[in-house]
Each structure stands twice: as structure tokens, then as C-alpha cells.
Amino acid sequence: MKHSPRKLIAPALVGTMMPLAIHAGGTNHHDHHMHHDSRMNMTDSFPTTMFMGKSTFVLGGVDGSTRTDAVHFNYDLKLMGMTSFTGEDMLMTAIRAGSFNMMDPFGMNGESRLDTAFNSNDRLELHKLFYKFPVSDNVKVTLGPQLRQDDLLGVKPTTYPGEDGSLFVLNQAGANDTYSKRMGAGVGVTYSKDKFIASTVLVSEDADSNQGILTKEGRDNITTQLALVEDSYTLAFAYTHSDGGNTDNSSDTNDYSSYGINGTYNFLNQSDVFLPSSISAGFGWKNPDNVDENANIEDGNTWTIAMHWENAFKEGNNLGFAIGTAETHRDDDGYDDPLAWETFYKMQINDNISITPSIFAVQKDGADDVTGAIVKTSFKF
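Residues numbered from 1 in each chain as written. Predicted model: local features only at pLDDT ≥ 70, side-chain atom pairs only at ≥ 80, totals over all residues. Heavy atoms only, no water.

Asker: Is there a simple way to explain the overall build of the protein in this structure?
Answerer: Helix and strand counts for the protein come out as four helices and 17 strands. Within the protein, the proportion of its 381 residues that are buried is 51%. Carbon and sulfur atoms make up 55% of the accessible area of the protein, which totals about 17,000 Å². (Helix = DSSP H or I, 4+ residues; strand = E, 2+ residues; numbered from the N terminus. Buried < 20%, exposed > 50% of the residue type's maximum accessible area, 1.4 Å probe, protein only. Areas by Shrake-Rupley, 256 points an atom, 1.4 Å probe, with all protein chains shown as cover.)

Shown next as C-alpha cells:
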């Protein structure tokens, strides 16, 4: 099957600016093999570049925050250029700007971090830069100085849509420590044959500093993923080792090994409004290299269950619900079970504009419950 440049590159923006074929997944796992086998029309001239973008406005607030209960109005802007030199490769360049303060409730260090939260103090920053190319019909390599862990993996292990959902913690497939979404320089190799997909990836958070890659001082994250992909379901297993740059073998929450098991099921051609289009479940286990119970550095687990209804109540609109752990759960006496949940309803106004109201709650050990509501307005161009 041959595709024009627009047909090959445009799907990269579907979801939250998801890179083409790097995930080899998404909300429709039937597309895995189509993505892996995609080729540009060789009658076209190369190199070919397409520029695309997405702006997201977020209006909302929370109750129960220790920082502020005020209403916030933030934005996230992504600009992306995708270049193919041969019709089989892709150079991804993504520029991003955002106004989510790191410590605000919605920010990256906030009590209810949003998946779309990004802070650049209103300045454009290089967000991603990587190159993907085939080595053979079954092997593809991705490498770059700035990328995220899930850009390298062969399979997105959940059908729960990140761009429609709200909370970051519920968009880590239930294996939060395994699918940590660390950013830095990295390289990944993906092998795919028939229904089997395997990936091994390295992300170094200190590749551009004195610590370097795969050194004792550098923060390196290595993930291996094995997956079985069918039209109606996907099963995935992943293992991650993160050293956190720990040099003295002391107890460190970022120095650990973790495992994740995930399953998704698509209810193909279903017409029952009460039956979701897809359901995803994921579980993860974290084992610190050195346990320190006094510092709460212990074995822990995470989980998430999510459901997604396509064309809910109206053609083009989507409904979603997810529930799971709000942080890595420790099996300690007196420890409150951490829990997070959210529900959203995405209203597709036209091909380029959508409005998504959602409500959520986050409960963590030793902290007040945080509840919130937001309205996201997304513009794709």
C-alpha cells in the first residue's frame, strides 16, 4: 500500500502530537501494521516537509490544594515539522510553549498535574528532535538528542486517549514507574513481525551535561517492551531500570527496577451505547535497588483501568473514564490508598476544533483530597 506524504505524516498529529509509527499503536490497534509498513509515494520528490500545530486552552480550578484554589487559564502550544528524505524515514522537530507554572496544581510538579501541562515562561523551546529510519522490513531505529521514552517504544500499551484525558498520572498505562515518560537524548530499536513487536530503548536525562550517557553519574533509563498485537486486543509486558544518577549505592527513589503488564480490548463493530469502544487495564510493580522504610523508599505498585466510548451520544464526540493509583502505592500500615479518577466528554465542533470538559479527583497519602474541573479547547492547524 502506498501513501502520499500528507497521508503518512498527518496521523502524527492525531492524539497529543503523537509521532508517526513510533508508538505503533494508539486508539486503534488495527493500525499497528499499517503504520509499520507505511511508505511515501516514491513518485513524489524528496525531501518533503510538513508543518502542523496544536493550541490548547485550559480553563479550570481545583479545591483542596495547599497552594491555590483559584481559577486558572493556561495554554499549551505545539508546533511540529516532519521531514522525510526517502519516503521511509522521518525527522521530527517539535517546538513548544506553555504557561503552566511548575508548582501550580496543574503544573508538572503540581498536586493534580495535567497531561497537557508544559511550562516555558511563554517562550518557545525545542521540545523534541529525533530521527526515525528503517534498517530492514522488520527493524526500525529511532534516535535523537531530545525525545521522550514513549517516542521510542513499539507499542502504546493503552487505548485510553491522552489528548482527551486530563491527569498525567492516568496517562501512564497503569505502570507509572515503567512508563515514566522520561525525557532526554535516546535511542530505540523496534522489531516487528506479524503480530509480535519488541523494543529496547535508552533515554539519558544527562546526555547534554558533564555526566554524559551510561556513566555512573548520569541518569539513564533502559526499557524493554514485548507485545502481541491483534485487531481486537493488545497484550504488552515491559521492564524498566532507572539508576537516577545514584553514585553511592544509597537509597534513592529514582534508582529502581520496575515491571508493567498491560492489556487492551477493542469492542469491534459494537452498537450498544452502554458498551465502551475499548477498555484498557495496566498494572506495575516498582522495586528500589536499596530499600529505606524510614524514607518511604519501598516496594510499591500502581494500576489504572480506563474506558473509552467513541461517537458517544453524537457522531464524532467521545466519552472517557479512568481510575487508578495517584502515586506508587506502598504496603504500609496506616498508609492511605492513593487514588485518582477522571471523566471527560469531548465535543468535536469541526475537524479542527474540539471542546472537552472534564472533572477529576486526586487522593494521596498524608494530603488533602484535591478535586477539580477544567474545560480544554483544542485547535489543530
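Asker: How do you make sense of a negative patch on the surface when you look at a structure like this?
Answerer: Taken together, the side chains of Asp336, Asp337, Asp368 and Asp369 make up a negatively charged region of the molecular surface. Looking at where Asp368 falls in the secondary structure, it is placed in the loop between β16 (353-363) and β17 (370-380). (Patch = residues over 30% accessible without salt bridge, like charges linked within 9 Å, V, L, I, M, F, W, Y side chains within 5 Å. Salt bridge = Lys/Arg side-chain N within 4 Å of Asp/Glu carboxyl O. Lys, Arg positive; Asp, Glu negative; His and termini not counted. Charge placed at Lys NZ, Arg CZ, Asp CG, Glu CD.)

Asker: Where do I start with the packing of aromatic side chains in this structure?
Answerer: Aromatic ring pairs are described here by two measures, namely the spacing of the ring centres and the angle between the planes. Counted by the stated rule, this structure contains nine aromatic pairs. One aromatic cluster is present, formed by Phe57, Phe73 and Phe379 through successive ring pairs. Sitting over the ring of Tyr256, Lys286 keeps its end group 4.7 Å from the ring centre. (Phe/Tyr/Trp six-rings, centres within 6.5 Å; stacked < 30°, edge-to-face > 60°. Lys NZ or Arg CZ within 6 Å of the ring centre and 35° of its normal.)

Asker: Explain the environment of Val135 here, please?
Answerer: Along the chain, Val135 falls in the loop between β4 (125-134) and β5 (139-148). It is 10.0 Å that separates the C-alpha atoms of Val135 and Tyr191, two residues lying 56 residues apart in sequence. Each residue touching Val135, except ones within four places of it in the same chain, is listed here: Lys140 and Val141. (Contact = heavy atoms within 4.5 Å.)

Asker: For this particular structure, what's the right way to read the nonpolar core?
Answerer: Generally speaking, soluble globular proteins have nonpolar side chains that are buried together. Ranked by size, the top nonpolar core spans 21 residues in total, and within it Met82, Met92, Leu147, Leu152, Val155 and Tyr179 carry the most contacts. Looking at this core, the elements with two or more residues in it are β1 (48-63), β2 (71-84), β3 (90-98), β7 (196-204), β8 (220-229) and β9 (233-242). The dominant element in this core, judged by the number of residues it contributes, is β7, at three residues. Core analysis: the next-biggest nonpolar cluster, separate from the first, contains 19 residues, Val58, Tyr160, Leu170 and Val362 among them. (Core = buried A, V, L, I, M, F, W, Y, C linked by side-chain atoms within 4.5 Å.)

Asker: Would you explain the environment of Gly366 in this entry?
Answerer: Position of Gly366 among the secondary structure elements: in the loop between β16 and β17. Accessibility expressed as a relative area gives 75% for Gly366, which makes it exposed.

Asker: Explain unusual backbone geometry to me, please; I cannot follow it from the model alone.
Answerer: Note on backbone geometry: most residues besides glycine have negative phi, and most peptide bonds are trans. Note the cis peptide between Phe46 and Pro47, where omega equals 5°. Secondary-structure assignment places Pro47 in the loop between α3 (32-36) and β1. Notably, Asp194 is not glycine yet its phi reads approximately 55°, a positive angle. Residue placement: Asp194 occurs in the loop between β6 (183-193) and β7. Owing to a relative accessible area of 61%, Asp194 belongs among the exposed residues under this scheme. For Phe313, which is not a glycine, the phi torsion comes out positive at approximately 70°.

Asker: Sorry, what's going on with the pairing of β8 here?
Answerer: On any regular strand, side chains alternate: one points to one face of the sheet, the next to the other face. Pairing between β7 and β8: nine bridges, direction antiparallel. The residue of β8 that forms the bridge with Val201 is Thr223. Bridge count for β8 against β9 is nine bridges, and the pairing is antiparallel. Counterpart to Ile222 in the pairing with β9 is His241. The turn linking β8 back onto β9 is made up of three residues. (Pairing = 2+ DSSP bridges.)

Asker: I tried to follow a nonpolar patch on the surface on my own but got confused; where do I start?
Answerer: Residues Tyr191, Phe196, Leu226, Phe237, Tyr259, Ile261, Phe283 and Trp285 make up a contiguous nonpolar surface patch of roughly 710 Å² in combined accessible area. Of all the secondary-structure elements, those providing two or more residues to the nonpolar patch are β10 (256-266) and β11 (278-288).

Asker: So what exactly am I meant to see when it comes to the environment of Gly110 here?
Answerer: Relative to the helices and strands, Gly110 is located in the loop between β3 and β4. Judged by relative accessible area, Gly110 falls into the buried class, the value being 12%. Separated by 45 residues in sequence, Gly110 and Ser65 place their C-alpha atoms 9.2 Å apart. Apart from residues no more than four positions distant in its own chain, Gly110 is found in contact with Arg67, Met102, Met103, Asp104 and Pro105.

Asker: What exactly am I supposed to notice about the pairing of β6 here?
Answerer: Where β5 lies against β6, eight bridges are found, and the strand directions are antiparallel. Opposite Val141, over in β6, you have Val189 as the bridge partner. Both β6 and β7 contribute to a ladder of nine bridges, which runs antiparallel. Residue Ser192 lies in a different strand from β7, and its bridge partner there is Ile197. The hairpin formed by β6 and β7 contains two residues between the paired strands, and Asp194 there has a positive phi angle of roughly 55°.

Asker: How should I be thinking about the confidence of the model for the protein in this particular structure?
Answerer: Where the model shows low pLDDT, its predicted coordinates should not be examined in detail. Overall, the prediction assigns the protein a mean pLDDT of 87, with 87% of residues at 70 or greater. For residues 1-43, every residue scores under 50 in pLDDT, and the model assigns this stretch 114 contacts once sequence neighbours within four places are set aside. (pLDDT = per-residue confidence, 0-100.)

Asker: How do you make sense of the pattern of salt bridges when you look at a structure like this?
Answerer: Think of it this way: side chains of opposite charge can pair up when their charged atoms draw near. Under the defined criterion, the tally for this structure stands at 15 salt bridges. The salt bridge involving Arg67 is made with Glu111; its shortest N-O contact spans 3.9 Å. In this pair, Arg67 is assigned in the loop between β1 and β2 and Glu111 in the loop between β3 and β4, connecting sequence segments 44 residues apart. Since its relative accessible area comes to 38%, Arg67 is described here as partly exposed. Asp365 serves as the salt-bridge partner of Arg330, at 4.0 Å between the closest nitrogen and oxygen. Taken together, the positions of Arg330 in strand β14 (residues 329-330) and Asp365 in the loop between β16 and β17 put the pair 35 residues apart, joining distant regions of the chain. Three or more residues joined by partner-sharing salt bridges are found here, namely Lys54, Glu163, Asp164, Lys346 and Lys380.

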